[in-house]
Amino acid sequence: MNKRDKLSNTYENCLEILPNELFLWIFSYLKSDTIIPAFLDLNQRFRSLIYEFTSHLLISNDSQSGWINRYIPLINNEIQTMKLDIECIVSVFSNKYSFPNLRSIIIYRKYSWHVELNIENETPIISILSSLKVLRKCSFNGINQKIFAKLDSHILPHINNMNCVLPCLSIHRLWIYSCYNEKLTLLQDLAPKMIYLNIEYNYVYVTRSNSSVPSTYTLRANSLNLTELSIKLNDFEFFAGVQLLVNYYQSSLRRLTFDLRQELLIDGQKLETCVACCNHLENFSFIIQCHNNSVNMIELLHSFQTEWWLDHRRSPVLIHSTKRGNILIASMPCSFLNISKNFQFSTILSRWYLNKDKFNSPLIRFLKTNYLCFSNEQEIDLEYLLFIARIFYSQKQMIECTYWGLMSEEELFEPLTTKLMEGAVLPNVTRLNITNVKGLTLLTLALWLLLAPNIRLLNIESIALNESIEWILELFDAFTVSNHRFKMIFRNIQKISISGASYNYSEKSKLYMHSLLAQIFSSAVMN
């Protein structure tokens, strides 16, 4: 056996000892048209892995027809669910393939919409055609006569009236990202079996149009199946359309989610008017971000303290306002992925309100918000940081302040360094985003690193060019005098991002700045 064969066997043995779960996890990050040709014919184990992987198959728009014709016949019997771009329908659903185990299809147009079809009671192509007719009737983007012409000539030449629109019983779930939606409520009649609707785009305008759906197919409200409605909007002007949608589906809704970001305020009364009609609602989650300099916060709080809001079935509502008039209203616990990065939290505790319950309740939590930007013009005290640590629960948080100073810094330093203060104050903070250096001395920076000992990244690339070198020099001078006091603290920093700050500097200046930072943060990598 030569050296190359030995090496090949070594690699093969290394692959063979890896668990199937690891391969499937790796496959999930790669494209089907890359994975299948590479592993399908490798050996029996990998063929089985490919069959398991392709039971949920994704076919993107850049998949070549040659690849489809070559490999779809080989995995045809294994596919249970399929997700494909609208442009791939003709190539995949020709008369060549039967897909005997296919139960669900997701068709999508990138950045516009996704539709999931349940095809257990229909042939795939009939379900697809029926759903596309419905989406075209509702003026969805990317469904034009050209698409139907392809279907007509390649797959369904026996269907003469492509313009006849009947209710589609296969539409199961629908995600809308962009469409002309004045006919959106036609879905009530045209997709009667739909259980989930997600609307996530810049505006929604809904009016009840005269439907051309035959009256024999119009369903009563109590026969609707939609149990979950999720809406994300950026304009209050179209909230009336949201109210109309909720009203249409009031008899079936179980879960309702609003993410509303706009200029005008939606108070508790407006929300109650919109949602109170849903008698079977089990979960109502919302977050509202708006701007209003003149709002009376006590009146706003009282609008969320009516009998309906104080009912034990309703979640607590947190209201927060800033000096600049930014307002955040959220049901608790808040599981929305992120609050807008433009929103700056006030460091004044009196600007945080609850309509019921206490702030120490386990319900009062932001579960996924990891970007915390604080708007403050004075020192932050320890009580506020403990409050923040209690209500913001996500991992890998980043903090940014308009003023970094901490109250009673010298008194705070000793208990932190001698471990008289038990546990980390901010254990989930891993990054500091330093966009300015107001109040940020060497001692202040050390205190932040002690309060949040899991910080590994300092991002200083947004500091103004005329401030960055001057601040780094001040840090270096203070560090050389008090090296023993701060050296161990600064060793925790693993990475410093400075590329933006040094963009217009000469190479000599960049090297000088890097050398100063390297002496302060001895374990950090600069980029």
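K.L.:
Please clarify how the sheet that holds strand 9 (residues 283–291) should be interpreted in this entry.
P.N.:
Pairing between the strands of a sheet is mediated by backbone hydrogen bonds and can be parallel or antiparallel. Taken in spatial order, the 12 strands of this open sheet run 1-2-3-4-5-6-7-8-9-11-10-13, and their pairing is mixed. Every interior strand has two partners, whereas the edge strands, strand 1 (56–59) and strand 13 (352–354), have only one. Ignoring strand direction, the axes of neighbouring strands in this sheet form an average angle of 10 degrees. The sheet contact formed by strand 8 (residues 255–261) and strand 9 spans 7 bridges and is parallel. Each residue of the ladder has a partner; that of Leu-260, found in strand 9, is Ile-288.

K.L.:
How do you make sense of the packing of aromatic side chains when you look at a structure like this?
P.N.:
When we look at a pair of aromatic rings, we describe it by the centre distance and by the angle of the planes. Summed over all chains, the structure comprises 31 aromatic pairs. Ring centres of Phe-286 and Phe-304 lie 6.4 Å apart, and the angle between their planes is 15 degrees; on these two criteria the pair is classed as stacked. Taken together, the positions of Phe-286 in strand 9 and Phe-304 in the loop between helix 12 (297–302) and helix 13 (307–310) put the pair 18 residues apart, joining distant regions of the chain. Note on Phe-304: relative accessible area 0%, which makes it buried. Centroid distance Trp-308 to Trp-309: 4.9 Å. Interplanar angle 90 degrees. Geometry classified as edge-to-face. The class of Trp-308 is buried, set by a relative accessible area of 15%. Here the aromatic cluster, defined as three or more aromatic residues joined through ring pairs, consists of Phe-343, Phe-345, Trp-352, Phe-359, Phe-366, Phe-374, Tyr-384, Phe-387 and Phe-392. The side chain of Arg-70 reaches across the aromatic face of Tyr-71, ending 4.7 Å from its centre. Lys-83 extends its terminal NZ or CZ atom over the ring of Tyr-108, reaching a point 5.5 Å from the ring centre.

K.L.:
Looking at this model, I keep getting lost on the pattern of salt bridges. Mind explaining?
P.N.:
Oppositely charged side chains can pair when the atoms bearing their charge come close. Applying the stated rule across the entire model yields 7 salt bridges. Residue Arg-173 is joined to Glu-116 by a salt bridge in which the shortest nitrogen-to-oxygen separation is 3.2 Å. Linking Arg-173 in strand 5 (residues 171–176) with Glu-116 in strand 4 (residues 113–118), this pair joins segments that are 57 residues apart in sequence. Glu-116 sits in the buried class, given a relative accessible area of 13%. We note a salt bridge from Arg-255 to Glu-228, for which the minimum N-O separation is 3.6 Å. A residue pair is termed long-range when its members are at least 10 positions apart, and Arg-255 in strand 8 and Glu-228 in strand 7 (residues 228–233) qualify at 27 residues. Overall, the relative accessible area of 38% leaves Arg-255 in the partly exposed class.

What counts as what
Residues numbered from 1 in each chain as written. Predicted model: local features only at pLDDT ≥ 70, side-chain atom pairs only at ≥ 80, totals over all residues. Heavy atoms only, no water. Pairing = 2+ DSSP bridges. Helix = DSSP H or I, 4+ residues; strand = E, 2+ residues; numbered from the N terminus. Axes fitted to C-alpha atoms, helices over the stretch in contact; angles between N-to-C directions. Phe/Tyr/Trp six-rings, centres within 6.5 Å; stacked < 30°, edge-to-face > 60°. Buried < 20%, exposed > 50% of the residue type's maximum accessible area, 1.4 Å probe, protein only. Lys NZ or Arg CZ within 6 Å of the ring centre and 35° of its normal. Salt bridge = Lys/Arg side-chain N within 4 Å of Asp/Glu carboxyl O.

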